[in-house]
Amino acid sequence: MNAMETAVTLLDKPYADALRKLDQNRVEEIRLRLGKEPRVLIQGKERLLSDRVVREEDLLRLLEAASAASAHSAAPAMAEGYLPYRGLRIGLCGTGIVRKGEFVGFRSCSSAAIRIPSQRYGLCESFLPQLLQDGFRSTLIASPPGGGKTTLLRELIRVLSGRGFRLGVVDDRGELGGSDGGRIQMDLGEHTDVLTGLDKYRGALMLLRGMNPQILAMDEVSREEDMRAVEECCACGVELLASVHASGQDDLQRRTLYRRMLDRQIFSWLITISGCGDQRRYLLTRMTG
Amino acid sequence: MRIWGLFLMFAGCAGGGIQYCAIQKKRLALLRHTLSALEILEGELGTSALPMPELCQLLQRHSELAVRDFFLELTQRMPELGRRSFASIWRQAARCHLAGLGEAPMEAYLALGEKLGRYELEQQLSAVRQCQRALRRSLESAEAAYPAERKLGMGLSLSLGALLLILYL
């Protein structure tokens, strides 16, 4: 079952039928907002999916299916702002419940965004020769949210793997590989080992100890703990391939966490993504400390 | 031939009484097994917050008779989530396998299905406890009534058999 088919199983029949009529390869997100018509994100723009407004029941059923009727065990994932579901990522909004300082679930759900992972071949052809001119050096991908970091990262992993590099991927959300019950659905190449379900720090250490990777890849380095994983790996003789939320090197300088990364000169290359949909542009630059 | 017919008539009446007692006994066993399953459910939810599919599998392994079939069906129908709510899957499986619980316990059991998996842990645990209380009340009253009901059931059926014997002899 591909990602779109998986998404269809989460939706009520009228929405599922409307979704099937669309060009499924172009749908990036499905957005459900309580009391409003559902929309799909295509080429960076939201378009109407159906005239029928989203009911509370639709959101509850989505939440129930995505959490396998286990809101209690999905709370830690929901506290991160999303629910991973068979390779999809479901962002949620609503009224949160906090007990003893910890998020324990949503009292009510007001909107959901189902992100559809996609595999796009040939994204890195324009800059690949320059990127590999001295062999592969640690590379950071930066773009604002929804800019296509994960899709580019996925393609880079596949291409590097195809060039014979041995890659270890810490896929904590199961989104890079589109993990469904332990099976990797996306094409990440022949020489790629994927570790799912563990946080970046523990996952990276496990891959380093057990799988002897030449390149370690991880998506969305955004917390102190993720940073620890990056710092740990760069001192172990492996190259890194990672992504961050930022529009460019100036943005990176503004965040304390990323400034530390720049100061230590962990990454040699920066790929910034601009534009949206088919108009995305990839700019490869040398990182400066 | 007539004697043989009368004997069969008497045996039929006695069999009816035995059947009545067996149904009552089966209901008691079902209530006990359901309560045991709810205890495991409460414990596992409270301590390890197991996801529902794993919880159903575990309960299926540790339950008996109809309760095991109930959790088996629940496990098998989990992939229907999204198209159907968990409460409706729970309802269907309960009506199919646990109909023998009786009206009031069944009502409490169906109400539990509306809360499980959907709300935060504390609310789910309180729903489990509420259901346990309802089932325990039913079990206690059924256990208390069982000796008298058994006597009544057997007494009535044997009396009917004896009456028929007297009438036809």
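The rules behind these values
Residues numbered from 1 in each chain as written. Chains lettered and ligands numbered in written order. Predicted model: local features only at pLDDT ≥ 70, side-chain atom pairs only at ≥ 80, totals over all residues. Heavy atoms only, no water. Phe/Tyr/Trp six-rings, centres within 6.5 Å; stacked < 30°, edge-to-face > 60°. Helix = DSSP H or I, 4+ residues; strand = E, 2+ residues; numbered from the N terminus. Buried < 20%, exposed > 50% of the residue type's maximum accessible area, 1.4 Å probe, protein only. Contact = heavy atoms within 4.5 Å. Buried area = accessible area lost by both parts, 1.4 Å probe. Salt bridge = Lys/Arg side-chain N within 4 Å of Asp/Glu carboxyl O. Polar contact = N/O pair within 3.5 Å; in protein donor to acceptor, adjacent residues only side chain to side chain. Domains from an automatic or database assignment. Nonpolar A, V, L, I, M, F, W, Y, C, P; charged D, E, K, R; others polar.

> Explain the packing of aromatic side chains residue by residue, including any values.
Residues and elements named next belong to chain B. Within this structure, the stated rule accounts for nine aromatic pairs over all chains. Summarising the aromatic geometry, the rings of F70 and W90 are spaced 5.0 Å apart at their centres and angled 90° between planes, so their arrangement reads as edge-to-face. Residue F70 is found in helix 3 (residues 65-77), and its partner W90 is found in helix 4 (residues 86-97); the two are separated by 20 residues along the sequence. Comparing F70 with W90, the two get one shared label, buried. Ring geometry for W90 versus Y109: centroids 4.9 Å apart, planes at 25°, classification stacked.

> Let's hear about the interface of chain A and chain B: which residues, and what values?
Interface size, as often reported, equals the accessible area lost upon joining of the parts. Opposite the 14 residues of chain A that make contact, chain B presents 18 residues. Across the chain A to chain B interface the summed buried area is about 1,400 Å²; carbon plus sulfur atoms make up 53%. At the junction of chain A and chain B, the tally comes to two salt bridges. The salt bridge involving E120 of chain B is made with R99 of chain A; its shortest N-O contact spans 2.3 Å. Here chain A and chain B share seven residue pairs in polar contact (both at pLDDT 80 or more) between them. Of all elements in the fold, only helix 3 (56-66), helix 4 (71-79) and strand 5 (88-99) of chain A reach the threshold of two or more residues within the side of chain A that touches chain B.

> Tell me about the domain arrangement of chain A, and name the residues and values.
Residues and elements named next belong to chain A. Its domain assignment divides chain A into domain 1 (3-115) and domain 2 (128-286). Contacts between domain 1 and domain 2 engage eleven residues on the former and 14 residues on the latter. Both faces considered, domain 1 and domain 2 share a buried interface measuring about 1,100 Å² in area, 36% of it formed by carbon and sulfur atoms. Run the count over domain 1 and domain 2 and you get three salt bridges. Taking the shortest distance from any N to any O, the salt bridge between R89 and E175 comes out at 3.1 Å. Class assignment of the residues belonging to the side of domain 1 that touches domain 2 gives a composition of two nonpolar, three polar and six charged.

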